[in-house]
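Observations on chain architecture
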Amino acid sequence: MEEKAASGSPAPRDIPYKPFFNRTLDRIWGAVDDRLGTQKWPLRPQPDFSFKPGYWTGAFVANAFIFQVITGILLLFYYVPSTQLATAGGVYPVGAPLAWGSTYYIIHTVPLGAFLISSHLYGAYATIFLAFLHFFRGFYTGVYKKPREFTWMIGTLLLLSMLGMGFTGYLLPYTALSVGATDVGIVLTLSVPGGTTLAPLILGNATDQALLSRMFALHVVGIPLALGGLLFAHILLFETHGVAPKASSDPQAKRVLTEEDDKKMGKFFPKVFLYMTKWAFFYAGGLFLIVAIWPWQLPVFYGSAAAGGSSPEPDWYFLWLYKIMDFQGVTPIIAVVTVTLLMLFVLFLPWIDRRPLTSTKTHPRDRPVLVIVGNFLAGMFLVLTVWGGVMPGVVIPTSMYAEYLGSILLVNLVVVFAFYVRYRASYSRRLLKRQGRADAATK
Ligand code: HEM
């Protein structure tokens with residue numbers, strides 16, 4: 001037997017057994033690959049350690065975005081971007097704006113229309129949620145450090161574009177809620193320094209139709225084009241640098257793959273591709289389940305008598321911003337300046353997190369200042385979102401919001417520093433022990 005192995009032909013029991021199903025798949029894949037030549041495509045193989053969901057949060061966002069493009073194109077077949085009121089004899093409810101009427105038509109008449117529009121809407125929620133998840137994962141594990149600074153900056157622009165997609169898409173069904181919320185957003189946008197000069201561009205001739213046409217154009221052409229370009233650049237940079245290795249407590253650790261990692265790689269085709277496809281199916285399955293259980297209900301149309309005095313309410317991802325506007329003493333300009341500073345902080349984080357105050361290490365346990373900032377941002381986002389959902393439009397006195405936000409900051413400070421001090425102490429002990437063992441071994 002040994003002789004046989006030495007002569008080069010493997011012994012029968014050394015040939016790995018593959019079930020019929022796998023062998024057939026291999027054969028089909030081989031035939032496809034012969035024709036496409038995928039092995040020559042410039043797609044990076046990925047290190048074995050990265051086949052865990054945490055390393056692929058960006059791919060989940062990209063996958064959810066592709067799903068949005070597909071459902072969005074299907075919705076375009078039926079949606080009418082017009083504020084004109086429907087008249088008798090057509091297929092839309094009489095007296096309602098065509099934008100709302102065509103949405104109603106999609107839900108009630110188009111085969112699987114309710115399913116389609118609900119998946120697009122909930123898919124938008126999921127895409128934005130996943131984008132925030134991707135952002136916070138990167139924030140806590142310091143993936144923005146050298147050499148990924150530009151990847152991070154382009155990512156920030158992607159996040160803003162995604163929010164822009166949400167904002168412009170919200171107006172399209174032309175409900176009483178969405179028109180009111182869009183008006184609040186426009187007031188905010190126009191209050192940026194020099195914002196009034198933007199007014200003719202955003203408002204056109206100041207008719208309802210002019211605004212709807214602009215939001216529609218931005219939603220289906222302008223922002224998707226920008227998103228496509230940014231996404232291409234983002235992924236190109238990812239392909240250049242590869243996935244960031246695990247966060248580390250070693251200040252010398254470079255965020256590049258080691259030779260050891262290079263030896264254990266999974267090729268893009270079929271390993272990475274199939275890994276992504278698995279998660280894509282999981283995503284679609286989860287989304288379809290939610291849609292089947294809670295199909296979206298279309299609110300009343302803008303201008304309808306039933307709308308009454310309903311207060312404008314944005315989608316959940318903008319509730320935090322709308323709640324800030326309810327704070328006593330916070331004018332649109334203060335809100336805009338605060339948000340702009342926050343965006344600039346995120347955009348330039350790779351250069352801000354370089355000072356000795358923070359750390360060259362990337363593991364969250366070594367970066368208490370950054371963890372406090374991250375927790376504060378996440379905590380504020382959560383509290384303001386819930387607050388905005390439960391008490392929309394209710395003015396919050398200064399003493400109350402100072403107390404709430406101050407408590408979040410204080411608890412966060414105490415807890416993170418307590419963990420940090422505890423960790424430093426145990427880490428020093430472990431280092432001493434290791435040093436002692438090394439000394440004993442050399443004696
Ligand atoms: C909103 C749309 C976004 C999409 C579609 C997207 C897509 C991706 C993809 C596909 C990757 C490859 C690795 C992975 O799957 O995680 C990636 C990596 C990365 N993204 Fe994003 N991203 C987005 C937003 C952001 C944001 C908001 C940031 C941060 C501000 C960001 C920063 C990064 C960084 C630093 C990497 C490299 C991470 C690593 O190497 O582990 N991205 N992104």
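1. A word on the overall build of the protein chain
- When you go through the protein chain residue by residue, the secondary structure sums to 16 helices and two strands.
- Projected onto its principal axes, the C-alpha positions of the protein chain cover 90 × 60 × 40 Å.
- With 443 residues in all, the protein chain has 25% of them scored as buried.
- Counted over contacts in the protein chain with a minimum sequence separation of 6, partners at least 24 positions apart contribute 77%.

2. Some details on the site of the ligand
- Neighbouring residues of the ligand: 27 residues in total, closest G58, A59, G155, L159 and A244.
- Sorting the residues of the shell around the ligand by element identifies helix 3 (57–76), helix 5 (113–141), helix 6 (149–171) and helix 9 (208–241) as the ones contributing at least two each.
- With seven residues, helix 6 is the single largest residue contributor to the shell around the ligand.
- Its residues placed into classes, the shell around the ligand shows 18 nonpolar, eight polar and one charged.

3. Let's talk about the environment of T151
- Note that T151 resides in helix 6.
- With 22 C-beta atoms counted inside 10 Å, the residue T151 sits in the buried group.
- Once the C-alpha coordinates of T151 and F21 are considered, the two residues, 130 residues apart in sequence, prove to be 40 Å apart.

4. What about the packing of helix 3 against helix 11 (residues 268–293)?
- Where helix 3 meets helix 11, the closest approach of the two axes is 10 Å, and the angle between their N-to-C directions is 55 degrees. Relative to helix 11, the element helix 3 lies oblique. Relative to helix 11, the crossing made by helix 3 is right-handed. Where helix 3 approaches helix 11, its residues A59, F60, N63, A64 and F67 are matched on the opposing element by M276, W279, A280, Y283 and A284.
- Across the contact of helix 3 with helix 11, the residue classes tally to nine nonpolar, one polar and no charged.

5. Quick word on the environment of V256
- Along the chain, V256 turns up in the loop between helix 9 and helix 10 (259–263).
- Of the residues examined, V256 has 13 C-beta atoms within 10 Å and is grouped as partly exposed.
- Separated by 156 residues in sequence, V256 and N412 have C-alpha atoms that sit 32 Å apart.

6. Topic: the nonpolar core
- The biggest cluster of nonpolar side chains holds 58 residues, and the ones touching the most others in it are V61, A64, L171, L172, Y174 and L212.
- No other element matches the 10 residues that helix 5 contributes to this core.
- Residues contacting Y174, with those up to four places away along its chain left out, are T83, P97, A99, W100, V179, L212, F301 and Y302.
- In this structure, V143, Y144, W152 and A244 belong to the second largest nonpolar core, which totals five residues.

7. A word on helix 4 (residues 98–108)
- Counted residue by residue, helix 4 has eight buried out of 11 residues, so it is predominantly covered.
- Taken as a whole, helix 4 has its buried residues at L98, A99, W100, G101, S102, T103, Y105 and I106.
- Turning to helix 4, the residues buried within the fold contact helix 3, helix 5 and helix 9.

8. Concerning the packing of helix 3 against helix 5
- Put simply, helix 3 and helix 5 touch, their axes get as near as 9 Å, and they point 160 degrees apart. Relative to helix 5, helix 3 is oriented roughly antiparallel. Read as a crossing pair, helix 3 and helix 5 show a hand that is left-handed.

9. Observations concerning the environment of F419
- As for its position among the elements, F419 is in helix 16 (residues 398–442).
- The sequence separation of F419 and P251 amounts to 168 residues, and the corresponding C-alpha distance is 20 Å.

10. As for unusual backbone geometry
- With an omega of 5 degrees, the peptide bond running from K146 to P147 counts as cis.
- With an omega of 0 degrees, the peptide bond between F269 and P270 qualifies as cis.
- Along the chain, P270 falls in helix 11.
- Within the chain, L112 stands out as a residue other than glycine whose phi angle is a positive 60 degrees.
- Secondary-structure assignment places L112 in the loop between helix 4 and helix 5.
- Here Y174, not a glycine, exhibits a phi torsion of approximately 55 degrees, which is positive.
- With respect to the element layout, Y174 can be found in the loop between helix 6 and helix 7 (176–190).

About the criteria used
Residues numbered from 1 in each chain as written. Predicted model: local features only at pLDDT ≥ 70, side-chain atom pairs only at ≥ 80, totals over all residues. Helix = DSSP H or I, 4+ residues; strand = E, 2+ residues; numbered from the N terminus. Buried ≥ 20, exposed ≤ 12 C-beta atoms within 10 Å, placed from the backbone. Contact = placed C-beta atoms within 7 Å. Near = placed C-beta within 6 Å. Nonpolar A, V, L, I, M, F, W, Y, C, P; charged D, E, K, R; others polar. Axes fitted to C-alpha atoms, helices over the stretch in contact; angles between N-to-C directions. Parallel < 35°, antiparallel > 145°, perpendicular 65-115°, else oblique. Left-handed = near helix turned anticlockwise from the far one by under 90°. Core = buried A, V, L, I, M, F, W, Y, C linked by C-beta atoms within 7 Å.

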